[in-house]
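Reading the structure
Listed here are the chains, written in short residue letters.
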Amino acid sequence: HKPIPFIEDAAVPPEHLAEYVTRLEQFCNDMGTNVAYYAHASAGCIHIRPLINAKLASEVAKLPQIVEFATGMLGDYGGSLSSEHGDGRARSWINERFFGPDLYQLYRQVKQIFDPQGIFNPGNIVDAGPMTEDLRYGAGYEAIQVTPVLDFSADGGFDRAVEMCNGAGICRKRTTGTMCPSFMATREEEHSTRGRANLLRAALSGKLPPEELTGPRLYEAMDLCVECKACKAECPSAVDMAKIKFEYLAQYYEANGVPLRTRLFANIGQLSSMSAGPQALASNWIVGNGFLYFLKPLLGITNKRPLPTFSTNPLPRWFKKHVKSQRGKAAGDNGVLPKIALFHDPFTNYNAPEVGIAAVEFLEAAGYEVIWPDHKGDGRPFISKGLVKEAKRAADETLAALAPLAEQGMPIVGLEPSSLLSLRDDYFYLLPDDPRVPLVAEHAYTFEEFVAQLAENDQLSSLTFTDEARHILLHGHCHQKALVGTAPAIRALTLPPNYTLTEVDSGCCGMAGSFGYEKEHYTISMRMAEHRLLPAVREADQSTLVVAAGISCRQQIKYGASRHALHPAQVLRDAITVE
């Protein structure tokens, strides 16, 4: 049973709204049907969606009955059948009864004048067939059985997760929000969340041959999904295409094998740990050397942007020395500082240790002892690349290191949004029965969330912030915006009294992990960035601090707008005085 939008656009004068809603709900309840509501009562319109199982003939038969009852009431109350959207095939069939034969014939004449051959949207407004024809589902609908490797029990199965899409098309937005980055860039239906869901549903339902599920054409449509998770937050039906793509890639690789480039990018954490430190000079020489120019295209990596360099002083090495230097320093009133665990990630560890250093120094100045958990990779690259077994193994190792700390009530603070938020999202369907997952998730915070919480609890009084006036241009990470929102980041970044902030209404930066480095994705990656983000950065004054928590976002800003973007931890560390 799902909330179906077929009478939801009706409106009545507000003074009749309560009676209209009550009568309609009673009618549906008497049929054994529940209803869902949302939207704007002030305009006389509450979107009412009866919960119908469109795969049962007995349920489908309720659709015209409910429409007829609602239409009769609209006549009684002086209401409108379609108050803000089109009639479509769901309501056009009853237009003659609603408007009356004279007005309906006038509509028919007008359409005949402008479209004598009946080729422009035939069957809409006038001369519509029954609303129960050409249904997406129906009594004969069946989905082929796919055994998922991820947990879709909350959705009722992989096919039901795909069917969450009801076709509303909110993913076809062009100007605001994050969803859907690839559609904003291409304007192609197949590269919207709805397009991907419809193609998957066609393969699962038999409208396409079963082998198309793991065929090259469907892979093309899924390929441009950057797994930003925006649909999970912005889609009214909460279609989680990032999770669906994770499962799809696992099924696709099972049938077609895993490409070498996928394995390389998925194992970036291990490769980075081998490339940073004493060998970083040699690693960076290899990365920047000319011979790699010819090797990268063979691996499917673009030559149009440089690969990230590795640090000669990676964060794990710095932290080990730093801890030794801090021994014996003053503790709290009782001689013991409160502890937090720094959830480190391979990108901060080996490519941008300055971010981790800034976070440690800020948190220590705030009165905390920072603990280094003994975990390796968090599994985020494996999740992005659809390698489920490897992702589960990494998640298990990470939980083994973090769960004992969470049991002590220790906050777990992360710097890379996609890595930290995997603990609160992806791990739940990677290891659904593991009691450590909710325990760790409960104690996991992004750096900005943790700082904002400290500020709300008046726990930063020991810090002295600069009086200098600075302006910040903030770009939020996609996962951050989808699962947390940017309010904590705004709160944290405006703690210095004279700091002001403007948030870019930007979608995905387009880098999306390795996506922007992949040869066939470079152009679309830059088109995503040029949609709103890069123009806003270029327009910013040179004195403005450009801030982005995600390393991918900072790289895209660096390569696309020649500006050095900072992590919030760097901004806050630079804004305080440390003895």
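Structure first, text after, so check above.
Residues numbered from 1 in each chain as written. Predicted model: local features only at pLDDT ≥ 70, side-chain atom pairs only at ≥ 80, totals over all residues. Heavy atoms only, no water.

Description of the overall build of the chain
Of the regular secondary structure elements, the chain holds 31 helices and ten strands. C-alpha extents for the chain along the principal axes are approximately 90 × 55 × 50 Å. Here the chain, with 579 residues, has 52% of them falling under the buried criterion. Sequence-distant contacts, at least 24 apart, represent 74% of the contacts inside the chain between residues at least 6 apart. (Helix = DSSP H or I, 4+ residues; strand = E, 2+ residues; numbered from the N terminus. Buried < 20%, exposed > 50% of the residue type's maximum accessible area, 1.4 Å probe, protein only. Contact = heavy atoms within 4.5 Å.)

Observations regarding the side chain of T486
Counting through the fold element by element, T486 comes out in the loop between α26 (478–483) and α27 (487–493). Residue class for T486 comes out buried when judged on its relative accessible area of 11%. A polar atom in the side chain of T486 sits 2.8 Å from the side chain of E503. Those residues within four positions of T486 in sequence are excluded, and the remaining contacts are G476, K481 and E503. (Polar contact = N/O pair within 3.5 Å; in protein donor to acceptor, adjacent residues only side chain to side chain.)

A look at the pairing of strand β3 (residues 47–52)
Looking along a regular strand, one sees side chains alternate from face to face of the sheet. Of all six residues in β3, five are buried; the element is thus mostly enclosed. Here two bridges tie strand β1 (residues 2–3) to β3, and the two strands are oriented antiparallel to one another. Within β3, the residue paired with P3 across the bridge is L51. The pairing of strand β2 (residues 35–38) with β3 spans four bridges and is classified as antiparallel. Paired with Y37 across the bridge in β3 is I48. (Pairing = 2+ DSSP bridges.)

Some words on the sheet that holds strand β4 (residues 339–343)
The four strands are arranged β5-β4-β6-β7 in an open sheet whose pairing can be described as parallel. Both edges of this open sheet fall to β5 (369–371) and β7 (444–446), since each of them pairs with a single strand only. In this sheet, neighbouring strand axes are inclined to one another by 35° on average, regardless of whether the strands run parallel or antiparallel. One ladder, built from three bridges, connects β4 with β5; its direction is parallel. Across the sheet, I340 pairs through a bridge with V370, a residue of β5. Here helix α25 (residues 447–456) sits on the sheet and contacts β4, β6 (412–414) and β7; the angle it forms with β7, its principal contact strand, is near 95°. (Axes fitted to C-alpha atoms, helices over the stretch in contact; angles between N-to-C directions.)

Comments concerning the sheet that holds strand β9 (residues 499–503)
The three strands are arranged β9-β8-β10 in an open sheet whose pairing can be described as parallel. Every other strand in the sheet has two partners, leaving β9 and β10 (545–548) as the edge strands with one partner each. Neighbour-to-neighbour, the strand axes of the sheet open up by a mean angle of 30°, direction not taken into account. Bridging between strand β8 (residues 470–475) and β9 involves five bridges; their strand directions are parallel. Opposite L473, over in β9, you have T502 as the bridge partner.

A few points about the environment of Y104
Structurally, Y104 is set in helix α6 (residues 101–114). Judged by its relative accessible area of 5%, Y104 is buried. Each C-alpha atom, one on Y104 and one on V126, is 7.5 Å from the other, the two residues being 22 residues apart in sequence. Ignoring sequence-local partners within four residues, the contact set of Y104 consists of N95, E96, I125, V126 and D127.

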